[in-house]
Amino acid sequence: VLVTALSPASLAGAPPPAMTFGVVPQQSASRMAELWTPLLRYLEQVSGVRLVFATARDIPTFERRLAAGEYDFAYINPWHYALYRGVPGYRALARERDRHLQGLIVVPADSPARAPADLAGATLAFPGPAAFAASVLPQAHLRRQRITYTARYLVSHDSVYLAVAKGMYPAGGGVFGTLQQLDPQVRARLRVLWTTPPYPPHALAAHPHVSPAVLAKVREALLAMDREPAARPLLQALALNGFAPARDADWDDMRALKLDEFKDLLRGVGR
Amino acid sequence: VKLSFRAKTILGIAAIEAVMLLVLVWAGLAYMRAATEQEVVRHAATAAQMFAATTQEAVLATDLAVLDTVVREVARNPAVRYARVRGRGGRVLVEYGDAALLARRPDVDRRFADVRDDVFDAAADITVAGTSYGRVELGISVAMIHAALARAGEGGTAIALAEMLLVALFSLALGTYLTKQLEALRNGARRLAEGGLGHQVEVRGEDELAETARAFNSMSARLARVYGELRERGERLAEAQRIARLGHWDWDVVQNTLAWSDEVYRIFGLQPQESAASYEAFLERVHPDDREYVKAEVNAALARERPYSIDHRVLYPDGTLRVVHERAEISFDAQGRPLRMLGTVQDVTEQRENARALRVGEQRLALALESADLGLWDVSLPSGETYVNEQALRLLEREGGEPCLSVSQWEAMLHPEDRARVLKAFADSIEGRAAAFDAEYRVRTGGGEWKWIHHRGRVVERDAAGQPRRSVGVFRDISQYVRARDELRRLAHHDVLTDLPNRTLFLDRFAHALAQARRNDTGLALLFVDLDRFKEVNDRYGHHVGDEVLREIAQRLARCVRASDTVARLGGDEFAVLLGELRSREAAEAVARKICLACLQPVVRAGEKIVVGASIGISLYPADGLEEATLIRNADGAMYRAKHLGRGRYGFHDGETSDASCGGNAD
């Protein structure tokens, strides 16, 4: 295969140059490659654009490469996309369909608190610094509102909910998804005090040098995926609902949070 | 190349051992090499895959720093000659190792045979979900495999050499043992060949060689025995030839070499083996007059015209003349040319002379038998074989039959009246009670008539136990003789005119009867009958009529007595009557009276009634005498007294005289 790929004959042939598709490191490179490669294959077949999976050892490396414009396409964290102001000027062309990032704060059902401000000075439970929606978003809002608190990380969402339900903590951070999967008896002892506004998820962006024709082809293939039976298992493997069209402005709310001002919060999720 | 048995054994075993061990070592190494190479290939593939797995994460993340560390670490392994990681599109990401190997055109070895430069080139793709993201390449040194194989080869060779040495030592020992034993056998065989028949070799142990030695000993013993027998037989043959005066000769016709046995020399009047035998030497011994004949016969035999079997004379230098008989057989080649003539020569001088003498004797005997018309009967008793000559057959009228006559055939021919007597005499002769058999008897000839024969014979041969083996006899026809003898005998004892017993016979019978009377204590009467007036008849009618009257009276007398009584003519007109077994005086008187009356009856002759009478004197035994002479004298006296008293009377010696006509005494 290698020899064939290097032979002059194959170089002189029709295959168009491959486009790199960089994916933000979330898991091990191998695990990500396993999940993303079939999806990229699908996109290749549908769009006719050759796509090659790429990733980096860690987020800083990824960002450095992003800054160097090494990826033609990139799948980027929402806060990265919102904060990113690099030279190449990647522009979002799609985002995950029907997905929002929304954090919430639960309190025991009998808690007297009625608003986040009621929690001032309290020690609050959060899953962990890497949990963007459950840990970062609520804390960012509390800080914007200048509500003081002490954060305690309990590793998992369930630990947070149980601790709050038992009254060990007056309140804790979470997301709707995990809350709904909670034991109803536990959930009954909890009350959602407050929710953050919804924020857009990961952005699928393209390097400015990618031609509009290629861009169009890739986008078309992406947007149609959730309707294609062949593509659905690929999306499911990545826990994606499919892709929807996106504009750069979709991430303006995220930019408004000015998360770069809370560097300690972002230490867990990068940057 | 002349090699000893031992050398052959050692060389043979060593050669086989060397070949086998070579094959074994070679096969072992080949197997080892194959196994090791397979192991290397598998190991290389595994190593490449592990290398790929190790580097996959870094390749996917394009983490060159990590790759550099990993690849350098891998390349540091002494077995790894180079390690290289390629990224997408074959781009070399990192490589470490032998520069020359890295510089050469990349290649992948699938099999061990593909190995170049002692390096096995292994590779593995970094593939995720069917998409290749890169490739690792490893060069694994196989030098140590060669080293291991070389070590194994050296080890195998060392073991093989040690084993060959051991085998060589063992075969040397075995060969030495074998040759030692064989040497003993060889020496034994040489001794045998030099004539030491019966030589025995030492037998040690129980193995095949010992059996061979035993077999050799038994062969040697047997050879000695057989040779001894042969020599003895040869000596006996020579002895037999000497006794039989028979020699043998062997003539190679092609080479003209002739060999004579010792006896041939002696027969030819020479000392055994004193001169060389040759055909010419042989002819020289032949009587000059026979030489041409002998040569002609030899040539005829060689030409297959007739067998060689001749008699010829041999002339000794001292003038002795011998007769020899020669016989020979000739062998011929396929073209009919004579090759060899094997013959015997026998001194037959005595035989020939004996045969001639026998022939003459036989001729004489035959002539004698023929001339005497003697039949010859020769009986071999145990076998029952018989021989009869021609005369015998003719005599017994059995011409044309076989010249034999069994004892039972002979018995059947015997006259019933003679049988018992003849068989007894024959048995006496056979059983030795009589020295010879001599009998006259009658036989019924083939023609059915009776012949008298005179047969004389005796047992000529008996075995050691005295049992008869052969009996020979001669016989001749005596029928004519017997007839003549009987006639003569009759003539001597009978009166020619009346055919009555004459005086001689009468006296004989009287003596006989008297002896019988004495023995039986019976009575006997003697009657003297004298015719009356017979002289007158002769004178008147002539002698012729007188004779007729006498014959008539004789017949009448015979009719007056019993058959057992005797009437005899004593001479002239005197008759005598002998009455045996007389019971009484009266019985004699009755006969006397009958005779008187019979004589008184007239005899009719020539128309004339001639009447004569008879005077009878009677003497009785034992009353009138016990001796013949007495009784005759008394009867004679009584007759004269009766004649005196008047004719036609009879009277007893004691004085009583009676007239026959009146039936009583005349007195």
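Just so we're clear, the structure is a prediction, and the values are computed from it rather than from any experiment. (Residues numbered from 1 in each chain as written. Chains lettered and ligands numbered in written order. Predicted model: local features only at pLDDT ≥ 70, side-chain atom pairs only at ≥ 80, totals over all residues. Heavy atoms only, no water.)

### Re the packing of helix α3 (residues 29-47) of chain A against helix α10 (residues 212-223) of chain A
Two quantities define a packed helix pair, namely the angle between the helix axes and the distance between the axes.
All names here are of chain A.
Argument step 1. Where α3 meets α10, the axes come as close as 9 Å, and the angle between the chain directions of the two elements is 120°. Judged by the twist between their axes, the crossing of α3 over α10 is right-handed. Each of Leu43, Val46 and Ser47 in α3 lies in contact with α10, whose residues at this interface are Lys217, Val218, Ala221 and Leu222. (Axes fitted to C-alpha atoms, helices over the stretch in contact; angles between N-to-C directions. Helix = DSSP H or I, 4+ residues; strand = E, 2+ residues; numbered from the N terminus. Left-handed = near helix turned anticlockwise from the far one by under 90°. Contact = heavy atoms within 4.5 Å.)

### Brief notes about unusual backbone geometry
One can expect most non-glycine residues to show negative phi and most peptide bonds to be in trans.
Argument step 1. Look at the link from B:Tyr621 to B:Pro622: it is a cis peptide, with omega at 5°.
Argument step 2. Its location among the elements puts B:Pro622 in the loop between β20 (613-621) and α17 (628-645).
Argument step 3. Phi angles above zero are rare outside glycine, and A:Lys258 is one such case at about 50°.
Argument step 4. Considering the arrangement of structural elements, one finds A:Lys258 in the loop between α12 (252-256) and α13 (263-266).
Argument step 5. Residue A:Lys258 is classed as partly exposed on the basis of its relative accessible area of 43%.
Argument step 6. The phi torsion at B:Arg304 lies on the positive side, around 65°, for a residue other than glycine.
Argument step 7. Structurally, the position occupied by B:Arg304 is in the loop between α8 (291-302) and β7 (308-315). (Buried < 20%, exposed > 50% of the residue type's maximum accessible area, 1.4 Å probe, protein only.)

### Quick word on empty space enclosed by the protein
Leftover empty space is mapped by rolling, across the atoms, a probe with the size of a water molecule.
Residue and element names in this part refer to chain B.
Argument step 1. What the rule picks out here adds up to two cavities of 30 Å³ or more.
Argument step 2. Size it by volume and the largest cavity reaches roughly 100 Å³.
Argument step 3. Looking at the largest cavity, the residues that line it are Trp249, Trp251, Leu258, Trp260, Phe268, Tyr279, Phe282, Val298, Tyr308, Glu326 and Met341.
Argument step 4. Where the lining of the largest cavity is concerned, the elements lending two or more residues are β5 (246-252), β6 (257-260) and α7 (279-285).
Argument step 5. Broken down by class, the residue content of the lining of the largest cavity amounts to ten nonpolar, no polar and one charged. (1 Å grid on protein atoms, 1.4 Å probe; cavity = no way out; pocket = protein on both sides within 12 Å on 5 of 7 lines; lining within 4 Å. Points joined across faces, edges and corners; volume = space filled by probe spheres on them. Nonpolar A, V, L, I, M, F, W, Y, C, P; charged D, E, K, R; others polar.)

### Brief notes about the pairing of β20(B)
Residue and element names in this part refer to chain B.
Argument step 1. Among the nine residues in β20, nine count as buried, and that is most of the element.
Argument step 2. In terms of strand pairing, strand β15 (residues 523-532) meets β20 through nine bridges, oriented antiparallel. Bridging across to β20, Leu527 finds its partner in Ile618.
Argument step 3. In terms of strand pairing, β20 meets strand β21 (residues 649-652) through three bridges, oriented parallel. Bridge assignment links Ile616 to a residue of β21, and that residue is Tyr650. (Pairing = 2+ DSSP bridges.)

### So, the nonpolar core
All names here are of chain A.
Argument step 1. In terms of nonpolar packing, the biggest core is built from 68 residues, with Trp36, Phe73 and Phe243 touching the most fellow members.
Argument step 2. Looking at which element gives the most residues to this core, the answer is α3, with nine residues.
Argument step 3. Here Phe243 is in contact with Tyr75, Ala94, Arg95, Glu96, Arg97, Leu204, Leu222, Leu223, Met225 and Leu235, once residues within four sequence places are set aside.
Argument step 4. In this structure, Ala56, Tyr149, Met254 and Leu257 belong to the second largest nonpolar core, which totals 49 residues. (Core = buried A, V, L, I, M, F, W, Y, C linked by side-chain atoms within 4.5 Å.)

### Considering the layout of surface pockets
Residue and element names in this part refer to chain A.
Argument step 1. By volume, the largest pocket is sized at about 940 Å³.
Argument step 2. Among the secondary structure elements, those contributing two or more residues to the lining of the largest pocket are α3, α5 (78-83), α6 (132-144) and α8 (176-180).
Argument step 3. Partitioning the lining of the largest pocket into residue classes produces 21 nonpolar, ten polar and three charged.

### Describing the packing of aromatic side chains
Residues and elements named next belong to chain B.
Argument step 1. Per the stated rule, a full pass over the model turns up 24 aromatic pairs over all chains.
Argument step 2. Aromatic pair Trp260 and Phe268: ring centres 5.2 Å apart, planes at 75°, arrangement edge-to-face.
Argument step 3. Overall, Trp260 belongs to the buried group, its relative accessible area being 6%.
Argument step 4. Pairing Trp377 with Phe426 gives two aromatic rings, centres 6.2 Å apart and planes at 20°, and the pair type is stacked. In this pair, Trp377 is assigned in strand β10 (residues 375-380) and Phe426 in helix α12 (residues 416-430), connecting sequence segments 49 residues apart. Exposure class is identical for Trp377 and Phe426. Each is buried.
Argument step 5. A connected cluster of aromatic rings, assembled from ring pairs, spans Trp251, Trp260, Tyr265, Phe268, Tyr279 and Phe282.
Argument step 6. The ring of Phe332 carries Arg304 above its face, with NZ or CZ at 4.0 Å from the centroid.
Argument step 7. Above the ring of Phe652, the side-chain terminus of Arg585 is found at 4.1 Å from the ring centroid. (Phe/Tyr/Trp six-rings, centres within 6.5 Å; stacked < 30°, edge-to-face > 60°. Lys NZ or Arg CZ within 6 Å of the ring centre and 35° of its normal.)

### So, the confidence of the model for chain B
A low pLDDT score tells you not to read the predicted coordinates there in detail.
All names here are of chain B.
Argument step 1. Within chain B, residue pLDDT values average 87, and 98% of them lie at 70 or more.
Argument step 2. Here strand β23 (residues 664-665) stands out as the least confident element of chain B, with mean pLDDT 40; strand β12 (residues 437-444) is the most confident, with 93.
Argument step 3. Note that pLDDT drops below 50 for residues 661-667; the model gives that stretch 18 contacts with residues more than four away or on any other chain. (pLDDT = per-residue confidence, 0-100.)

### Overview of the confidence of the model for chain A
All names here are of chain A.
Argument step 1. Here chain A shows a mean pLDDT of 87. Residues at 70 or above account for 92%.
Argument step 2. Looking across chain A, the model is least confident in helix α1 (residues 2-6), with a mean pLDDT of 40, and most confident in strand β5 (residues 104-108), with 95.
Argument step 3. In this model residues 1-13 is a low-confidence stretch, pLDDT under 50, and it forms twelve contacts with partners more than four residues away in sequence or in other chains.

### Some thoughts on the sheet that holds strand β1 (residues 80-86) of chain B
All names here are of chain B.
Argument step 1. Pairing within the open sheet is antiparallel, and its four strands lie in the order β2-β1-β4-β3. Strands with a single pairing partner mark the edges of an open sheet, and in this sheet they are β2 (92-97) and β3 (119-128). Here the average twist between neighbouring strands, direction ignored, is 10°.
Argument step 2. As defined by bridge partners, β1 adjoins β2 across five bridges and the pair is classed as antiparallel. Note on β2: the bridge partner recorded for Arg86 is Val92.
Argument step 3. Strands in contact with helix α2 (residues 64-75) are β1, β2 and β4 (131-141); relative to β2, the strand with the most contacts, it is inclined by about 25°.

### Overview of helix α4 (residues 59-67) of chain A
Residues and elements named next belong to chain A.
Argument step 1. Every buried residue of α4 is accounted for by Ile59, Thr61, Phe62, Glu63, Arg65 and Leu66.
Argument step 2. Packed against the buried residues of α4 are β1 (19-23), β3 (73-76) and α5.
Argument step 3. Looking at the residues trailing α4, positive phi occurs at Gly69, about 70°.

### Structural notes on the pattern of salt bridges
Pairs may arise between side chains of opposite charge once their charged atoms sit close together.
Argument step 1. With the rule as written, the count across this model stands at 61 salt bridges over all chains.
Argument step 2. Here A:Glu261 makes a salt bridge to A:Arg144, at a shortest N to O gap of 2.8 Å. With A:Glu261 in the loop between α12 and α13 and A:Arg144 in helix α6, the pair connects residues that are 117 residues apart, well separated along the chain.
Argument step 3. The class of A:Glu261 is partly exposed, set by a relative accessible area of 49%.
Argument step 4. B:Lys451 is the salt-bridge partner of B:Asp477, the closest N and O atoms lying 3.8 Å from each other. On the criterion of sequence distance, the pair formed by B:Asp477 in strand β14 (residues 468-477) and B:Lys451 in strand β13 (residues 450-462) is long-range, its members being 26 residues apart.
Argument step 5. Each member of the salt-bridge network shares a partner with another, and the members are B:Arg84, B:Arg86, B:Glu95, B:Asp125, B:Arg135 and B:Glu137. (Salt bridge = Lys/Arg side-chain N within 4 Å of Asp/Glu carboxyl O.)

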